[in-house]
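One-letter residues, chain by chain:
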Amino acid sequence: MKGGSIEGKRRSIGAFCQNPLAIIGLLIVLALALIAIFAPLIAPYDPQAIDTFHILEAPSLLHPCGTDSLGRDCLSRLIYGARISLLVGFVAVGIATVVGTFLGALAGFYGGFVDGLIMRFVDIMLCFPAIFLIMAVIAFLEPSIWNIMIVIGLTGWMGVARLVRAEFLSLRKRDFVLAAKISGASDFDILFSEILPNAIAPILVSATLGIGGAILTESALSFLGIGVQPPTPSWGNMLTEGKNNLEIAWWLSVFPGLAILITVLGYNLLGEGLRDFLDPRKD
Amino acid sequence: MDFFLWLLKRLLALVPTFFGITLISFFVMHLAPGEPMSIQADFNPKMTPEMRQRLRAQYGLDKPLYVQYGRWLNGLIHLDLGRSFSPDRRKVWDKIRERLPVTILINVLSMILILVVAIPLGVRAAVRQNSLFDQVTTVLVFIAYAAPAFWVALLLMLLFGIKLDLLPISGLHSLMGYDSMTTFQRVLDWSKHLVLPVFVSAIGGLAGFSRYTRSSMLEVLRQDYITTARAKGLSERKVIYRHALRNALLPLITILGLSVPGLIGGSVIFESIFAIPGVGQLMWSSVMARDYPVLMGNLVIVSVLTLLGNLLADIGYAAVDPRVRTGIQEGD
């Protein structure tokens, strides 16, 4: 997807459309958004409806993805699971982006002591496996979808902070910043109204790529039982059921994972496509 | 001399980072609601408020937080991680020590697998940029990035463990007949049990490393000295493996150091799926039991390993970068 074809690429919608993988990513992302929004209309069954006469049924025309150990329709649960995954992905990345942008902007703009302090904090946060901290916090709080989003967000802002800092470092000496300073703009205005708009492109790319990561983390936590709690359907906690019935019901392990794979793939392809499109320097 | 000064500086810089990690972990953990007492108490109907208070005092939980942290830190300086809150009251270090080798073994094996497979893949993809091989690996890399590792583990268990019945899917060795095996059979038994965990924990690294190798190689292959090497009439093989690869590997050393926390973090999930008695599993059970000392001990060990990984990467970088090497010679 990278390589020869991007030589002489221009910033135009046309250039973006010439990248087939990015288009696939965009289509996946749009399709998932529609599925999540219209879940009640699309889902063939109530995702919570227990049907003891049809327990652990293999995929069939009636139940295209089979049923689980309570006889619930897996396809319907997958469709509703899209809501959870996208919600967690967007909110967690939103938190990470806001925190990371704010700290990165301060570090890059002020430099010196502020920069040293914030960057040391970033180093510390990068130094231990995020999942350990997430587990420790989540296990002590009630595991709920809101806590998960907050914790994933608060352990995922370091990349954005580094990126924004680098952008601000290179932008803060530009003429337009100087002009704003001379005309008496406050630091806050300069940071967020003058410089930030120039750094939006890389932030957008990193946020898009971050959504995939957040969805993966949520699914791992839910799989371990400290994420989204049943009976709320999430792809991760559906896989727990798959693991428990691995020997008798393969469909419970295959489809939810496939859903995660496709979703994350979609956001990653879109993010990479946006990167190539917005930042022609990088190859 | 310069090298040792540099090393000393790097070591000193690790100290505040390390204490920052312990500080954040300690306070995050203790500020979160709930404590070990409430779990034990919930299961014991005879627990009176007085007994609860006595237990709290016994564990030191009645003291202000900064006093607790001070005590813990004081223990740490004397290389004492304290005792577990669990009924066995064993030393934290003993609990960790008996589980550490398994986790390290699996992580080292998967690291080796990553390097042995990903580097040749990345080199080949870069040398034949835009070839079918390059495109296929690119697609595979994207898929490997997007697939949740625990799901891949489930699929492999389903395929190799259940459908084909080729590999065992849980534990470190067979439970039945293990005692009567010869040493060779035991090694074989262990190896069979390790295949899936090692492979699964390597997937993310495989994707990442082949990608990094590819882009690093592409970067190097554009340099003038590669053109020079080719112009000298060196064989393509020599140009790629002696001139290009050695330079392309430089940035990879740093990434290798940075990947340590991810690998160890993954252990929590893989050890839970494959029922492997390692540090990840200990971490998991101590989270569930709110066993603060064991949890903190684990975090200390993991962050030390991570910091060491980063340091080794820096040293490795310094050792292979001729600019640093000549710097040392001048210093002598």
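A quick note: this is a predicted structure, and the numbers were derived from the prediction, not measured.

Enquirer: Looking at this model, I keep getting lost on the overall build of chain B. Mind explaining?
Expert: Assigned secondary structure in chain B consists of 16 helices and zero strands. Summarising its shape, the C-alpha atoms of chain B cover approximately 85 × 60 × 40 Å along the three principal directions. Counting the 332 residues in chain B, one finds 35% classified as buried. Put simply, 73% of the contacts in chain B that link residues at least 6 apart link residues at least 24 apart.

Enquirer: Please clarify how the packing of helix α4 (residues 74-110) of chain A against helix α11 (residues 200-224) of chain A should be interpreted in this entry.
Expert: Two quantities define a packed helix pair, namely the angle between the axes and the distance from one axis to the other. Residues and elements named next belong to chain A. Between α4 and α11, whose axes approach to 8 Å, the crossing angle comes to 130 degrees. Accordingly, the angle class assigned to the pair α4 and α11 is oblique. The two elements α4 and α11 cross, and the hand of that crossing is right-handed. From α4, S85, V88, G89, F90, A92, V93, A96, T97 and T101 reach across to α11, where they touch I203, A207, G210, I211, A214, I215 and E218. Class assignment for the residues of the contact of α4 with α11 results in ten nonpolar, five polar and one charged.

Enquirer: Is there a simple way to explain the environment of L216 of chain A in this structure?
Expert: Tracing the chain through its elements places L216 of chain A in helix α11. Residue classification places L216 of chain A among the buried residues on the basis of 26 C-beta atoms within 10 Å. Along the chain, L216 of chain A and S85 of chain A lie 131 residues apart, while their C-alpha atoms are 8.9 Å from each other. Leave out the neighbours within four places in its chain, and L216 of chain A touches V264 of chain A together with P148 of chain B.

Enquirer: Looking at this model, I keep getting lost on the interface of chain A and chain B. Mind explaining?
Expert: How large an interface is tends to be reported as the accessible area lost when its parts come together. If you look at the interface, chain A gives 38 residues, while chain B gives 43 residues. Put simply, the parts of the chain that give the side of chain A that touches chain B at least two residues each are α5 (112-127), α6 (130-140), α11, α12 (235-244) and α13 (250-278) of chain A.

Enquirer: Explain the nonpolar core to me, please; I cannot follow it from the model alone.
Expert: Most often, soluble globular proteins keep nonpolar side chains buried together rather than apart. Formed by 148 residues in total, the largest nonpolar core has its most connected members in I134 and M135 of chain A. Per element, the largest residue contribution to this core is 17 residues, and it comes from α4 of chain A. Beyond its immediate stretch of four places on either side in the chain, M135 of chain A contacts I226 of chain A together with V268 and V287 of chain B.

Enquirer: Please explain the confidence of the model for chain B as it appears in this structure.
Expert: Reading predicted coordinates in detail is not appropriate for stretches of low pLDDT. Residue and element names in this part refer to chain B. Scored by pLDDT, chain B has a mean of 82; 91% of the residues are at 70 or more. Averaged pLDDT values for the elements of chain B fall to 52 in helix α16 (residues 322-331) and rise to 91 in helix α6 (residues 100-127). Taken together, the stretch residues 328-332 has pLDDT below 50 and engages in five contacts with residues farther than four places along the chain or on a different chain.

Scoring rules and cut-offs
- Residues numbered from 1 in each chain as written.
- Chains lettered and ligands numbered in written order.
- Predicted model: local features only at pLDDT ≥ 70, side-chain atom pairs only at ≥ 80, totals over all residues.
- Helix = DSSP H or I, 4+ residues; strand = E, 2+ residues; numbered from the N terminus.
- Buried ≥ 20, exposed ≤ 12 C-beta atoms within 10 Å, placed from the backbone.
- Contact = placed C-beta atoms within 7 Å.
- Axes fitted to C-alpha atoms, helices over the stretch in contact; angles between N-to-C directions.
- Parallel < 35°, antiparallel > 145°, perpendicular 65-115°, else oblique.
- Left-handed = near helix turned anticlockwise from the far one by under 90°.
- Nonpolar A, V, L, I, M, F, W, Y, C, P; charged D, E, K, R; others polar.
- Core = buried A, V, L, I, M, F, W, Y, C linked by C-beta atoms within 7 Å.
- pLDDT = per-residue confidence, 0-100.

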